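Coordinates in review
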Amino acid sequence: MKKMIYLDNAATTKTSPEVVEAMLPYFSEVYGNPSSIYELASSAKNAVDGARGEIAGVLNCEPENIYFTAGGTEADNWALKAAFEAYGTKGNHIITTKIEHHAILHTCEYLEKRGARITYLDVDENGLVDIKELEAAITEDTILISIMFANNEIGTIQPVAQIGQIAREHGILFHTDAVQAFGQVPIDVKAMNIDMLSSSAHKIKGPKGIGFLYIRKGVKIRSFIHGGAQERKRRAGTENVPGIVGYGRAARLAADTMEERRRKETQMRDYLIHRILKEVPYTRLNGHPERRLPNNVNISFRFVEGESLLIMLDMEGICASSGSACTSGSLDPSHVLLAIGLPHEIAHGSLRLTLSDETTKEELDFVIEQIKKIVERLRSMSPLYEDFIKRQV
């Protein structure tokens, strides 16, 4: 059996052994319901409160600003739908971008059918929002700006602090989908004027099925799931204690190792980008060359079908993707790549490789050699490539 090389950490990460160890007692030992009043329940509640405090410390906010959810998708839905409901008397206008995760885009489509007016901002060839276009889009009816912190496909990091300042100056709520950014890059919700922020544990070596929505004190966001009084009456349902404990530990580990991981992953990322662009002709890097997540590589290969490339990499034990895991199986090219100006045929030939701090140079060397062989083989079967080469002679 071939050794597996996992380069799809933007889709999900391996749960850290330390996280699993922290979670285990809350399955079969400290299994009380945090809403009950006896000691076993109190121990579970204390664990939930401790994890909330760990996460709040990473964001520079108060623990009571953190509301646990079932993941980033729920947090995104909650932020947009509840904001539209709560601030609907002020206006119906929401500003977002064309490169958001589908948890945002599909929620916006849902809200449009219910009277919302949505502005989808363009981005430049590197995936960055134009601050002047954002300001120009604001009207007296604008109630919410929702722009992701870092893109899940091309890794571009937005000027979040500037966006937050503009939103604050205009008295508009600012939400950011930070699912890819939390634990990867420093985030200070106070300094960046962020009113709401979504995150998900499984992107930072935590468990799947647990996330949170940060809600700044004073933001009038109502319950999204109705029932009991959990999460200070804002999110009903018995708390996922093991998942919450795991998220707290994962957040603390991510914060403690962030600088070291960023240095290593950035070095590995740039090495991978440099070699592929240098050694494989007719390729291009997608996303900003510098303002990008430290572990993200997204490259388009002309005259190559991305799905074929993925299948052949998998045959060599290499796990990669062509974009968001949430759109896996779709025949349509990435909406993100189209938004940065790539034609369909080039967007279809894109590969996303996302590293971890465990990725080694030897693994990347192997991956590069396999990419070179596979791309050459696929192009040898492409009539378009053959015609292209003939025209170059």
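Residues numbered from 1 in each chain as written. Predicted model: local features only at pLDDT ≥ 70, side-chain atom pairs only at ≥ 80, totals over all residues. Heavy atoms only, no water.

Within a pair of aromatic rings, the relevant descriptors are the distance that separates the centres and the angle that separates the planes. Scanning the entire structure with this criterion turns up nine aromatic pairs. The cationic tip of Lys 81 hangs over the ring face of Tyr 110; the distance from NZ or CZ to the ring centre is 4.5 Å. The ring of Phe 388 carries the charged tip of Arg 302 above its face, separated from the ring centre by 4.9 Å. (Phe/Tyr/Trp six-rings, centres within 6.5 Å; stacked < 30°, edge-to-face > 60°. Lys NZ or Arg CZ within 6 Å of the ring centre and 35° of its normal.)

A separate point is the pattern of salt bridges. For the structure shown, the criterion picks out 24 salt bridges. Of the charged contacts in the structure, one is a salt bridge between Arg 252 and Glu 54, with a shortest N-O distance of 3.0 Å. A residue pair is termed long-range when its members are at least 10 positions apart, and Arg 252 in helix H9 (residues 241-279) and Glu 54 in helix H3 (residues 39-59) qualify at 198 residues. The exposure class assigned to Arg 252 is partly exposed, which follows from its relative accessible area of 25%. Here Asp 195 ties to Arg 216 by a salt bridge, and the two come within 2.6 Å at their closest N and O atoms. A residue pair is termed long-range when its members are at least 10 positions apart, and Asp 195 in the loop between strand S6 (173-177) and strand S7 (196-200) and Arg 216 in the loop between strand S8 (211-215) and helix H8 (230-233) qualify at 21 residues. On the basis of relative accessibility, which here comes to 2%, the residue Asp 195 falls in the buried class. Classification of Arg 216 as partly exposed rests on a relative accessible area of 28%. (Salt bridge = Lys/Arg side-chain N within 4 Å of Asp/Glu carboxyl O. Helix = DSSP H or I, 4+ residues; strand = E, 2+ residues; numbered from the N terminus. Buried < 20%, exposed > 50% of the residue type's maximum accessible area, 1.4 Å probe, protein only.)

Strand order in the open sheet formed by three strands is S9-S10-S12, and the pairing between neighbours is antiparallel. Sheet topology places strand S9 (283-285) and strand S12 (350-354) at the edges, where each strand pairs with a single neighbour. Put simply, the sheet's adjacent strands are angled 25° from each other on average, direction ignored. Inspection of the sheet shows S9 paired to strand S10 (residues 296-301) by three bridges, in the antiparallel sense. Looking across to S10, one finds that Thr 283 is bridged to Phe 301. (Pairing = 2+ DSSP bridges. Axes fitted to C-alpha atoms, helices over the stretch in contact; angles between N-to-C directions.)

Time to look at the layout of surface pockets. Space inside the second largest pocket adds up to approximately 390 Å³. In this structure, the second largest pocket is lined by 26 residues; those nearest its centre are Ile 204, Lys 205, Thr 257, Arg 261 and Asp 357. Mapped by element, the contributors of at least two residues to the lining of the second largest pocket are helix H1 (17-23) and H9. Among the elements that line the lining of the second largest pocket, the one with the most residues is H9, at eight residues. (1 Å grid on protein atoms, 1.4 Å probe; cavity = no way out; pocket = protein on both sides within 12 Å on 5 of 7 lines; lining within 4 Å. Points joined across faces, edges and corners; volume = space filled by probe spheres on them.)

Turning to the pairing of strand S5 (residues 142-146), a few remarks are in order. Across the five residues that make up S5, a large majority, five, are buried. The sheet contact formed by S5 and S6 spans three bridges and is parallel. If you follow Ile 145 over to S6, its bridge partner there is Phe 174.

This part takes up the side chain of Arg 292. Relative to the helices and strands, Arg 292 is located in the loop between S9 and S10. Of the side chains with opposite charge, Asp 270 comes closest to the buried, unpaired Arg 292, at an N-O distance of 6.6 Å. In this structure the side chain of Arg 292 is engaged in a polar contact, spanning 3.1 Å, whose partner is the backbone oxygen of Asn 286. Here Asn 296 takes part through its side chain, which lies 2.7 Å from a polar atom of the side chain of Arg 292. Setting aside residues up to four positions removed in sequence, Arg 292 forms contacts with Ile 154, Gly 155, Thr 156, Ile 157, Arg 269, Leu 285, Asn 286, Gly 287, Val 297 and Asn 298. (Lys, Arg positive; Asp, Glu negative; His and termini not counted. Polar contact = N/O pair within 3.5 Å; in protein donor to acceptor, adjacent residues only side chain to side chain. Contact = heavy atoms within 4.5 Å.)

Orientation of helix H10 (residues 306-315) relative to helix H13 (residues 361-380), taken along the N-to-C sense of each, is 135°, at an axis distance of 10 Å. Considered as vectors, H10 and H13 are oriented oblique to each other. Our pair here, H10 against H13, has a crossing hand that is right-handed. Contacts from Ser 308, Leu 309, Met 312 and Leu 313 in H10 reach Gln 370, Ile 371, Ile 374, Val 375, Arg 377 and Leu 378 in H13. By residue class, the composition of the contact of H10 with H13 is seven nonpolar, two polar and one charged. (Parallel < 35°, antiparallel > 145°, perpendicular 65-115°, else oblique. Left-handed = near helix turned anticlockwise from the far one by under 90°. Nonpolar A, V, L, I, M, F, W, Y, C, P; charged D, E, K, R; others polar.)

Right, let's get into the side chain of Ser 223. Among the secondary structure elements, Ser 223 is positioned in the loop between S8 and H8. Among the polar contacts made by the side chain of Ser 223, one reaches the main-chain carbonyl oxygen of Lys 233 at a distance of 2.7 Å. If we skip the residues at most four places from it in the chain, Ser 223 touches Trp 78, Lys 233 and Arg 234.

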